[in-house]
Protein chains: 2
Amino acid sequence: MNLIKKTPTIQEVARFSGVSTATVSRALSNPERVSESTRLRISEAVRVTGYTPNQSARSLRQKTARTILVALPDLRNPFFSTILDSIEREAVLRGYGVLIANRFSGDDSGRRMRDYFLSNRVDGLLLFDGSVDLAQLMMLTGNPAPVPLVVACEEIPTAPFHTVRTDNLYAAEQATRHLIGLGHHGIGHIRGPVGNVLTGEREAGYRKAMADAGLAVRSDWIFKGAFDMDAGHAAGQLFAALADRPTAVFAANDESAIGFLSALNQHGIACPRDVSVVGFDDLGIAAHVLPPLTTMRQPREALGRIAAGALIDVIEGQRRSRLPMHMVLSSELIVRGSTSPPAHRAIAPEAAVQLQ
Amino acid sequence: MNLIKKTPTIQEVARFSGVSTATVSRALSNPERVSESTRLRISEAVRVTGYTPNQSARSLRQKTARTILVALPDLRNPFFSTILDSIEREAVLRGYGVLIANRFSGDDSGRRMRDYFLSNRVDGLLLFDGSVDLAQLMMLTGNPAPVPLVVACEEIPTAPFHTVRTDNLYAAEQATRHLIGLGHHGIGHIRGPVGNVLTGEREAGYRKAMADAGLAVRSDWIFKGAFDMDAGHAAGQLFAALADRPTAVFAANDESAIGFLSALNQHGIACPRDVSVVGFDDLGIAAHVLPPLTTMRQPREALGRIAAGALIDVIEGQRRSRLPMHMVLSSELIVRGSTSPPAHRAIAPEAAVQLQ
DNA sequence: TGACCGCATGTAATCGATTGCATCCCTCGT
DNA sequence: ACGAGGGATGCAATCGATTACATGCGGTCA
């Protein structure tokens, strides 16, 4: 016996169990197609040799990779990393591997996706980046090879893709209504990055709630943002400099809300005494900042799971309907300490200005 | 011409440019081995047909997948998601794909890694999970197929793997010394999860600094933890219940420090007035909690980049040395608002108890 | 001039599994 | 007793690229 063993192939298993490779293959993928006795003999041979099927060979023959590609704008964002976590779980459960493509945008993103697919590395694509050019996406659905594709988080209503997302507009409306319900009239908004679909939807929900309540939206109370803490912090600086401030602010996501809170603190503006703040996402950290953040919880875990499941259904041809399916998950308001009725406690000097 | 085009293969390119498939293959991977004119003809043919090499076929023949597997304990942890981000960047730069395996531990983790490798899906493994059984790891380095492996973050000094990590022990020592330097004598510690290598190193660093300064370590000032906010919060509850409290606490990571801060706040204990807190990692959020967290910054970006680079070097046989290489990156103390000299301001009732 | 060298290219084997088709054999029905 | 039917299995083609080896050609040098 030689000391350097090579990794065993189906040939060895066949030889060892005295059958052909065809039978071994069948025993492994369609056990009911071989007899009891050979099945046992083969599984024993597999055990002894330590055989593991070669995925490249299988892929080549079956034109299938049992792998999905997840394209994300920014993995470092906890919002996405939670989703990725649940995608990975679901995928592994269904026997798929998960390849990641991060910072996924720019001119060649469409080509990159196409190449991954055409090179037979992946069977389908889960896209979380709304900034990918629509034309490039359409290219993927054409010939050759319409790529199994599920777009998540981002809504592209007119495009023929399956989408999974949350009820952003309605959720933003609810968040704003929560503030209105507490008695706030002057309510500001920290926007997301320009050009992002979510930014637009969340702002629209905010505006809708304000309009429905007959409240005016002041343009100097709309802060530009970027879904990150620094942007929220910058908004906080502007807020502090304002002569006439709103008594509440709805931030387009938790990170910007947190950055906003930290800026407020630097300026000695207290939350919720001087200003109530609502975030969006319910990141793990939201419950642990000071004050704990009221926020719209996004069902991130479910979103990842459902998106991955839908994609695999498409890949395996189990989505019979050729019509794109648009799934919408509900958000949930989580009330914590960052919101309260306006001027709840003794009127602070800050607030007095407004009431003059 | 038919409307349903199949995805083009090297055969089509060969036919189109009037050469054999061998020449096409050479033109694509070793351009200098074919003549100028045919090279041009072939690249034109590639352009026209829209040819993309089939990776499964290439993998099968070359026994190479151009993919690495990254095994992580918990993707949702921002510490890991930042590292994963930089791994992905480096890998793409060098032409590799990144497959992820999350929540990677448990009995079959060794087998899962082995299967990924033996099935030819990945060329090597980047392991971030120190809880994987050492015996299972050793199995990977044996016959058949010694798996290219780089272990990151976790040190297994006696094991024959390349490792990349940070100077945990020294960093923990520095963090503790920072508190000592501020004049603290009573310093507590929030540990990481039991059994984790990092937990041990960070605690050891803490103990070393204490011992060097001639300070006693009180066992009721050592809180058990788990690298997450809930554990830090629980530690905070215990801390608040203490009759005799330390004036400073070194937490084994930022998340537990943040959870600790939030519990302190609930109990009306002020940081840094009543207690100084040092974290570990420097997550993005650390600068934005209240008060901003003093912490040991871990070079996460560099760590991911270097680990991925080293793994690919091993895969490509560029690490000539058979000796395992242990790389250690330096951490950096980031001083923010959560630390100050003890009893800095007027002595609070909380502190008075200790001074009685 | 003829032996030789090296470059560009072609031929065909090869990687390892899957699968259409053929074969063998056993059982059952008439 | 004989053919049909069907279950178990084997044979060999196949997926698409890479690559060892062969070939042919033009040029160099003795």
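Computed from a prediction, not measured in an experiment: that's the story for all the values here. (Residues numbered from 1 in each chain as written. Chains lettered and ligands numbered in written order. Predicted model: local features only at pLDDT ≥ 70, side-chain atom pairs only at ≥ 80, totals over all residues. Heavy atoms only, no water.)

1. Here's the deal with the sheet that holds strand β12 (residues 332–334) of chain B
Residues and elements named next belong to chain B.
Here is step 1 of the chain: Strand order across the open sheet formed by 6 strands is β7-β6-β8-β9-β10-β12, with mixed pairing between neighbours. Each edge of the open sheet carries a strand with a single partner, namely β7 (222–223) and β12.
Here is step 2 of the chain: Alignment of strand β8 (residues 248–251) against strand β9 (residues 276–281), held across 3 bridges, turns out to be parallel. Each residue of the ladder has a partner; that of V249, found in β9, is V277.
Here is step 3 of the chain: With respect to the sheet, helix α11 (residues 254–266) is in contact with β6 (187–190), β8, β9 and β10 (294–297), its orientation differing from that of β9 by roughly 155 degrees. (Pairing = 2+ DSSP bridges. Helix = DSSP H or I, 4+ residues; strand = E, 2+ residues; numbered from the N terminus. Contact = heavy atoms within 4.5 Å. Axes fitted to C-alpha atoms, helices over the stretch in contact; angles between N-to-C directions.)

2. Topic: the confidence of the model for chain A
Here is step 1 of the chain: Taken as a whole, chain A shows an average pLDDT of 89; of its residues, 92% reach a score of 70 or greater.
Here is step 2 of the chain: For residues 344–356 of chain A, every residue scores under 50 in pLDDT, and the model assigns this stretch 14 contacts once sequence neighbours within four places are set aside. (pLDDT = per-residue confidence, 0-100.)

3. Brief notes about the domain arrangement of chain A
Residues and elements named next belong to chain A.
Here is step 1 of the chain: Assigned domains of chain A: these are domain 1 (10–53), domain 2 (65–166 + 300–330) and domain 3 (168–298 + 334–355).
Here is step 2 of the chain: In this structure, domain 2 and domain 3 have C-alpha centres spaced 32 Å apart.
Here is step 3 of the chain: Taken residue by residue, the interface counts 9 residues in domain 2 and 12 residues in domain 3.
Here is step 4 of the chain: When domain 2 packs against domain 3, the two sides together hide about 970 Å² of surface, and 41% of this comes from carbon and sulfur.
Here is step 5 of the chain: On the domain 2 side of the contact with domain 3, F79, T166 and R300 bury the most area, a combined 50% of that side's loss. (Domains from an automatic or database assignment. Buried area = accessible area lost by both parts, 1.4 Å probe.)

4. Details of the protein's contact with DNA strand C
Here is step 1 of the chain: Around DNA strand C, a shell composed of 28 residues is seen, among which A:I10, A:S25, A:R61, B:T23 and B:R61 lie nearest.
Here is step 2 of the chain: Residue A:I10 places a main-chain N or O atom 2.3 Å away from a phosphate oxygen belonging to DNA strand C.
Here is step 3 of the chain: Taking B:T38, its side chain carries an N or O atom lying 3.1 Å from a phosphate oxygen of DNA strand C.
Here is step 4 of the chain: Every element with two or more residues in the surface near DNA strand C is listed here: α2 (21–29) and α4 (55–62) of chain A together with α2 (21–29) and α4 (55–62) of chain B.
Here is step 5 of the chain: Looking at the surface near DNA strand C element by element, the count peaks at 5 residues for α4(A).
Here is step 6 of the chain: In the surface near DNA strand C, the residues fall into 10 nonpolar, 11 polar and 7 charged. (Near = heavy atom within 4 Å. Polar contact = N/O pair within 3.5 Å; in protein donor to acceptor, adjacent residues only side chain to side chain. Nonpolar A, V, L, I, M, F, W, Y, C, P; charged D, E, K, R; others polar.)

5. Regarding the relation of the copies chain A and chain B
Here is step 1 of the chain: In screw terms, the move from chain A to chain B is a rotation of 180 degrees and a rise of 0.1 Å along the axis, fitting with an RMSD of 0.2 Å. Classification of the inter-copy transformation places it as that of a two-fold axis.
Here is step 2 of the chain: Mapped onto chain B, 100% of the interface residues of chain A again fall at the interface, so both copies present the same surface. (Least-squares fit on C-alpha atoms with pLDDT ≥ 70 in both.)

6. Observations concerning the packing of helix α10 (residues 229–241) of chain A against helix α11 (residues 254–266) of chain A
Residues and elements named next belong to chain A.
Here is step 1 of the chain: Packing of α10 against α11 brings their axes to within 6 Å, and their N-to-C directions diverge by 40 degrees. Overall, the two elements α10 and α11 adopt an arrangement that is oblique. The handedness of the crossing between α10 and α11 is right-handed. Contacts from M229, G232, H233, A235, G236, Q237 and F239 of α10 reach α11 at E255, S256, I258, G259, F260, S262, A263, L264 and Q266.
Here is step 2 of the chain: Its residues placed into classes, the contact of α10 with α11 shows 7 nonpolar, 8 polar and 1 charged. (Parallel < 35°, antiparallel > 145°, perpendicular 65-115°, else oblique. Left-handed = near helix turned anticlockwise from the far one by under 90°.)

7. What to know about the UniProt feature "domain: HTH lacI-type" (unreviewed entry) in chain A
Here is step 1 of the chain: Here, UniProt's "domain: HTH lacI-type" (unreviewed entry) annotation points to residues 8–62 of chain A.
Here is step 2 of the chain: As annotated, residues 8–62 of chain A has a helix share of 71% and a strand share of 0%, and its two end C-alpha atoms lie 21 Å apart. (UniProt positions renumbered as here; feature names shortened; annotations may be inferred.)

8. Considerations on the sheet that holds strand β8 (residues 248–251) of chain A
Residue and element names in this part refer to chain A.
Here is step 1 of the chain: Pairing within the open sheet is mixed, and its 6 strands lie in the order β7-β6-β8-β9-β10-β12. Either end of the sheet is taken by a strand with one partner, and the two such strands are β7 (222–223) and β12 (332–334).
Here is step 2 of the chain: Taken strand by strand, helix α9 (residues 197–212) contacts β6 (187–190), β7, β8 and β9 (276–281), and its axis lies near 170 degrees from that of β6.
Here is step 3 of the chain: Of the strands in this sheet, β6, β8, β9 and β10 (294–297) touch α11, which is tilted by about 155 degrees from β9.

9. Thoughts on the nonpolar core
Here is step 1 of the chain: One finds A:I68, A:L126, A:F128, B:I68, B:L126 and B:F128 to be the most contacted residues of the largest nonpolar core, which totals 105 residues.
Here is step 2 of the chain: When residues in this core are grouped by element, the largest group, 8 residues, is from helix α12 (residues 300–315) of chain A.
Here is step 3 of the chain: Apart from the residues within four sequence positions on either side, A:L126 is in contact with A:I68, A:L69, A:V70, A:A71, A:I87, A:V150, A:A307, A:A308 and A:L311.
Here is step 4 of the chain: In terms of nonpolar packing, the next biggest core, distinct from the first, is built from 40 residues, A:F104, A:V122, B:L125 and B:F161 among them. (Core = buried A, V, L, I, M, F, W, Y, C linked by side-chain atoms within 4.5 Å. Buried < 20%, exposed > 50% of the residue type's maximum accessible area, 1.4 Å probe, protein only.)

10. Considerations on the pairing of β6(A)
Residues and elements named next belong to chain A.
Here is step 1 of the chain: Residues I187 and H189 line one face of β6 and the alternating positions G188 and I190 line the opposite face, and both faces are buried.
Here is step 2 of the chain: Taken together, the 4 bridges between β6 and β8 define a ladder with parallel strand orientation. If you follow G188 over to β8, its bridge partner there is V249.
Here is step 3 of the chain: Handedness of the β-α-β unit built from β6, α9 and β7 comes out right-handed. (Right-handed = clockwise from strand over helix to strand, strands pointing away.)

11. Points about the packing of aromatic side chains
Residues and elements named next belong to chain A.
Here is step 1 of the chain: Here the structure, examined in full by the defined rule, presents 10 aromatic pairs over all chains.
Here is step 2 of the chain: Taking 5.3 Å as the distance between ring centres and 80 degrees as the angle between the ring planes, the aromatic pair formed by F79 and F80 counts as edge-to-face. Residues F79 and F80 agree in their burial class; the two are buried.
Here is step 3 of the chain: Cluster of aromatic residues (ring-pair linked, three or more members): F79, F80 and F128.
Here is step 4 of the chain: R66 extends its terminal NZ or CZ atom over the ring of Y96, reaching a point 4.6 Å from the ring centre. (Phe/Tyr/Trp six-rings, centres within 6.5 Å; stacked < 30°, edge-to-face > 60°. Lys NZ or Arg CZ within 6 Å of the ring centre and 35° of its normal.)

12. Observations regarding the protein's contact with DNA strand D
Here is step 1 of the chain: What surrounds DNA strand D is a group of 28 residues, the closest being A:T23, A:T38, B:I10, B:S25 and B:R61.
Here is step 2 of the chain: Contact distances for DNA strand D include 2.6 Å between a phosphate oxygen and a side-chain N or O atom of B:S25.
Here is step 3 of the chain: No other element matches α4(B), which puts 5 residues into the surface near DNA strand D.
Here is step 4 of the chain: When the residues that make up the surface near DNA strand D are grouped by side-chain class, the tally is 10 nonpolar, 11 polar and 7 charged.

13. So, the pattern of salt bridges
Here is step 1 of the chain: Under the defined criterion, the tally for this structure stands at 44 salt bridges over all chains.
Here is step 2 of the chain: One salt bridge connects A:R47 with A:E44, and the closest N-O pair in it is separated by 3.3 Å. A residue pair is termed a helical-turn pair when its members lie 3 or 4 positions apart in one helix, as A:R47 and A:E44 do in helix α3 (residues 36–49) at 3 residues.
Here is step 3 of the chain: With relative accessibility at 37%, the residue A:E44 sits in the partly exposed group.
Here is step 4 of the chain: When the shortest N-O distance is used, the salt bridge between A:D282 and A:R297 registers 2.7 Å. Taken together, the residues A:D282 in the loop between β9 and β10 and A:R297 in strand β10 connect sequence positions 15 residues apart.
Here is step 5 of the chain: Residue classification places A:R297 among the partly exposed residues on the basis of a relative accessible area of 33%.
Here is step 6 of the chain: The network of salt bridges with common partners includes A:D74, A:R76, A:R103 and B:D85. (Salt bridge = Lys/Arg side-chain N within 4 Å of Asp/Glu carboxyl O.)

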